[in-house]
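# Structural overview
Here is what each chain is made of, one letter per residue.
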Amino acid sequence: MPESARASGIPAALERFVAEKEEFLQNASVTVDIGRRTMTADDLLFLVGTFMKVPGLRVRAWRSASTETVRVLESAGFRVAKGNGAEPTDSGQPGGEAEPTLLVLESMRSGRRIEHAGDVVVTGNVNGGAELIAEGNVVVWGDVTGLVHAGCSGRDGAFVLAGSFGAPQIRIGRKISYARERADWGTVPVLLRIDGETLTAREMADPCFKKRSFDQ
Amino acid sequence: MDTKIFVVTSGKGGVGKTTVTANLSVRLAREGKSVVAIDGDIGLRNLDVVMGLENRIVYTLVDVIENACRLEQALVRDKRVDNLYLLPAAQTRTKDAVNAEQMQDLCAKLRGAFDYVIIDSPAGIEAGFRNASTAADQALVVATPEVSSVRDADRIIGLLEAQGKKNTRLIVNRIRQAMVKSGNMLDVSDVSDVLAIDLLGVIPEDDSVVVSTNKGEPLALNDSAPAAKAFANIAFRMMGREAPFETPGSDDEKKLFSGIRKMLGI
């Protein structure tokens, strides 16, 4: 909702949004970004009450650029995401104080799921059936054949750098892309990021950086 | 006696766990080792059929656990090979009839009395797998050269690692060299690269496996079939002996040599 919207209209608009998108929000994991709005304790109670009506919805973190709102959230014991004073950037660098990078010193086998609020480095593979969800960037030294989502809280500037890439799907920021055919990049390191509105992959071993677009 | 307890597992069904269990048990027994093959697939027992011992079952693993009989009474002795026994599963019960602790107690009773205990794990990652795997010292993961099988094997290896299992080893089953050469099947190295565990053996696709399974005569009872040689090599490596990693010849090569042998009357 635009920050210019009148405060009095927000509760009704939010209730309408949740009712319309309930199926999408069920069992979802979301970060609530209040933006620059100043939120009172009553507003917070209203938001929590609204979200609790959606089955399975999990609020992963709250974000706010308002010092007053952050104070209200923290006094109520809510987790406020680091870097909350900055807008999401497209530079690939998270704003404000960053979460420590998570280092995974092994391969992620099928069935394993890792969620992290910052960058993630995996020194092994992300095998098919494994899921790596990061709010920051993802670097995988080995092969990626499983699901990787970089910038999962909506940061389109995030990137994935893989030793080789053969996954049928990749997610960066708000974009989900899939390979038209089974991806076959051999053993060439690949950099995946959003370029304009298109998710692109660049073969890093080629000095000309071959570029290929994915289906959106 | 230093008993080694193995679980044969895979995650995915239909990859040949039961066939591998039966044939490795037979081959180890032929090498003079005392062996118990345990059917861990309670409710869907098959190992007795593959080993040809179905008609001699009186008591089952569940009867032992429920103290309806003594362990010795439930062990079915294979008359074709010395020192080979089967502990059959119950067909009329479900996997809930046994828990991991009871399986551990059962294996503890076998420890010291036999050289090898080989547990045939059910497919899946639920209670049946946990019961079979927690009781074992080491795991043998069977995978076929298919993407789905490799992914399930990867999942199982992760679960075994979480249980603290060490020395988990890989058996690649049903490899067809002609298809590998034509690029239509994953190669052994493709499978082992993804799963990143030690390779124990490779078993070629062999029509005689189907025949032997239906007859209840494990291939490992003799040495003629290509798969029987592969089982022998795997058994030798389980015993700590050196054995060649046989690269199965292509189906075309086999047909060619088979034709030549027929022409020569050998």
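Because the structure is a prediction, the values reported are computed rather than measured. (Residues numbered from 1 in each chain as written. Chains lettered and ligands numbered in written order. Predicted model: local features only at pLDDT ≥ 70, side-chain atom pairs only at ≥ 80, totals over all residues. Heavy atoms only, no water.)

### Topic: the overall build of chain A
The number of helices and strands found in chain A is four helices and 14 strands. Relative to its full complement of 216 residues, chain A shows a buried share of 44%. Across chain A, every contact between residues at least 6 apart in sequence was considered, and the portion connecting residues at least 24 apart equals 32%. As displayed, chain A has an accessible area near 11600 Å², and 52% of this comes from carbon and sulfur atoms. (Helix = DSSP H or I, 4+ residues; strand = E, 2+ residues; numbered from the N terminus. Buried < 20%, exposed > 50% of the residue type's maximum accessible area, 1.4 Å probe, protein only. Contact = heavy atoms within 4.5 Å. Areas by Shrake-Rupley, 256 points an atom, 1.4 Å probe, with all protein chains shown as cover.)

### Digging into the interface of chain A and chain B
At the interface, seven residues of chain A touch 10 residues of chain B. Together chain A and chain B conceal approximately 690 Å² of surface at their shared face, both sides included; 37% is due to carbon and sulfur atoms. When the buried area of chain A at its contact with chain B is split by residue, A:Arg109, A:Ser110 and A:Asn127 rank highest and sum to 68% of it. Taken together, the links from chain A to chain B amount to two salt bridges. In this structure, the salt-bridge partner of A:Arg109 is B:Asp154, at a minimum N-O distance of 2.7 Å. The interface formed by chain A and chain B holds seven residue pairs in polar contact (both at pLDDT 80 or more) in total. Partitioning the side of chain A that touches chain B into residue classes produces one nonpolar, five polar and one charged. (Buried area = accessible area lost by both parts, 1.4 Å probe. Salt bridge = Lys/Arg side-chain N within 4 Å of Asp/Glu carboxyl O. Polar contact = N/O pair within 3.5 Å; in protein donor to acceptor, adjacent residues only side chain to side chain. Nonpolar A, V, L, I, M, F, W, Y, C, P; charged D, E, K, R; others polar.)

### Observations regarding the packing of helix α7 (residues 147–162) of chain B against helix α9 (residues 188–195) of chain B
Residues and elements named next belong to chain B. Between α7 and α9, the shortest axis-to-axis distance is 10 Å and the interhelical angle comes to 35 degrees. Seen from above, α7 lies across α9 with right-handed handedness. Residues Val 150, Ala 153, Asp 154 and Ile 157 of α7 lie in contact with α9, whose contacting residues are Val 191, Val 194 and Leu 195. Considering only residue class, the contact of α7 with α9 consists of six nonpolar, no polar and one charged. (Axes fitted to C-alpha atoms, helices over the stretch in contact; angles between N-to-C directions. Left-handed = near helix turned anticlockwise from the far one by under 90°.)

### Observations concerning the sheet that holds strand β5 (residues 116–120) of chain B
Residues and elements named next belong to chain B. The mixed open sheet is built from eight strands, whose spatial order is β3-β4-β2-β5-β1-β6-β7-β8. Of all the strands in the sheet, the pair left with one neighbour each is β3 (76–77) and β8 (198–204). Where strand β1 (residues 4–9) meets β5, five bridges bridge the pair, whose relative direction is parallel. Looking across to β5, one finds that Val 7 is bridged to Ile 119. (Pairing = 2+ DSSP bridges.)

### Some thoughts on the pairing of strand β12 (residues 190–195) of chain A
Residues and elements named next belong to chain A. Bridge count between strand β9 (residues 159–165) and β12: four bridges; the pairing is antiparallel. Directly across from Ala 162, in β12, lies its bridge partner Val 190. Where β12 and strand β13 (residues 198–203) come together, six bridges link them in antiparallel fashion. Across the sheet, residue Ile 194 finds its bridge partner in β13, namely Leu 199. Adjacent in sequence and paired antiparallel, β12 and β13 are bridged by two residues, among which Gly 196 carries a positive phi angle near 70 degrees.

### A look at the confidence of the model for chain B
Atomic detail in the predicted coordinates should be set aside for any region of low pLDDT. The pLDDT averaged across chain B works out to 91; a share of 92% of its residues lies at or above 70. We note a pTM of 0.70 for the whole complex and an ipTM of 0.74 for its interfaces. (pLDDT = per-residue confidence, 0-100.)

### Examining the sheet that holds strand β8 (residues 147–150) of chain A
Residues and elements named next belong to chain A. Spatially, β4-β6-β8-β10-β11 is the arrangement adopted by the five strands of the open sheet, whose pairing is mixed. Edge positions in the open sheet fall to β4 (113–116) and β11 (175–178), since each of these has one partner strand only. The mean angle between the axes of side-by-side strands here comes to 10 degrees, regardless of whether they run parallel or antiparallel. Of the strand pairs in this sheet, β4 and strand β6 (residues 131–134) are connected by four bridges, and their pairing is parallel. Its bridge partner lying in β6, Ile 114 is registered against Leu 132.

### Side note on the packing of aromatic side chains
Residue and element names in this part refer to chain A. Scanning the model with the defined rule gives three aromatic pairs over all chains in all. Between Phe 51 and Trp 62, the aromatic rings sit 6.3 Å apart at their centres with planes inclined by 55 degrees, giving tilted as the arrangement. Residue Phe 51 is located in helix α3 (residues 41–52), and its partner Trp 62 is located in strand β2 (residues 58–63); the two are separated by 11 residues in the primary sequence. Like Phe 51, the residue Trp 62 is buried in the burial classification. (Phe/Tyr/Trp six-rings, centres within 6.5 Å; stacked < 30°, edge-to-face > 60°.)

### Points about the nonpolar core
Note on soluble globular proteins: their nonpolar side chains tend to be buried together. Residues and elements named next belong to chain B. Counting 47 residues, the largest nonpolar core has Ile 38, Leu 61, Leu 87, Val 98, Ile 119 and Leu 195 as the members making the most contacts within it. Considering every element that reaches this core, the biggest residue donor is α7, with five residues. With sequence-adjacent residues up to four places away left out, Leu 87 is seen in contact with Val 36, Ala 37, Ile 38, Asp 39, Leu 61, Val 64, Leu 71, Ala 74, Leu 75 and Leu 106. One finds Val 35, Ile 118, Ile 203 and Met 238 within the second-largest nonpolar core, a separate group that totals 39 residues. (Core = buried A, V, L, I, M, F, W, Y, C linked by side-chain atoms within 4.5 Å.)

### Here we look at the pairing of β2(A)
Residues and elements named next belong to chain A. For strand β1 (residues 29–33) and β2, the ladder comprises five bridges, and the chain directions are parallel. Note on β2: the bridge partner recorded for Thr 31 is Ala 61. Handedness of the β1-α3-β2 crossover: right-handed. (Right-handed = clockwise from strand over helix to strand, strands pointing away.)

### Some thoughts on the confidence of the model for chain A
Residue and element names in this part refer to chain A. For chain A, the mean per-residue pLDDT works out to 80, and 80% of the residues sit at or above 70. When mean pLDDT is taken per element in chain A, strand β5 (residues 120–122) scores highest with 97 and strand β14 (residues 211–213) scores lowest with 57. Per-residue pLDDT stays below 50 along residues 84–96; that stretch engages in 22 contacts with residues further than four places along the chain or on separate chains.

### Overview of empty space enclosed by the protein
Residue and element names in this part refer to chain B. All told, the structure shown has three cavities of 30 Å³ or more when counted by the stated rule. Looking at the largest cavity, the residues that line it are Gly 40, Ile 42, Leu 61, Lys 95, Val 98, Met 103, Gly 128, Asn 131 and Ala 132. For the lining of the largest cavity, a count of residues per class yields five nonpolar, three polar and one charged. (1 Å grid on protein atoms, 1.4 Å probe; cavity = no way out; pocket = protein on both sides within 12 Å on 5 of 7 lines; lining within 4 Å. Points joined across faces, edges and corners; volume = space filled by probe spheres on them.)

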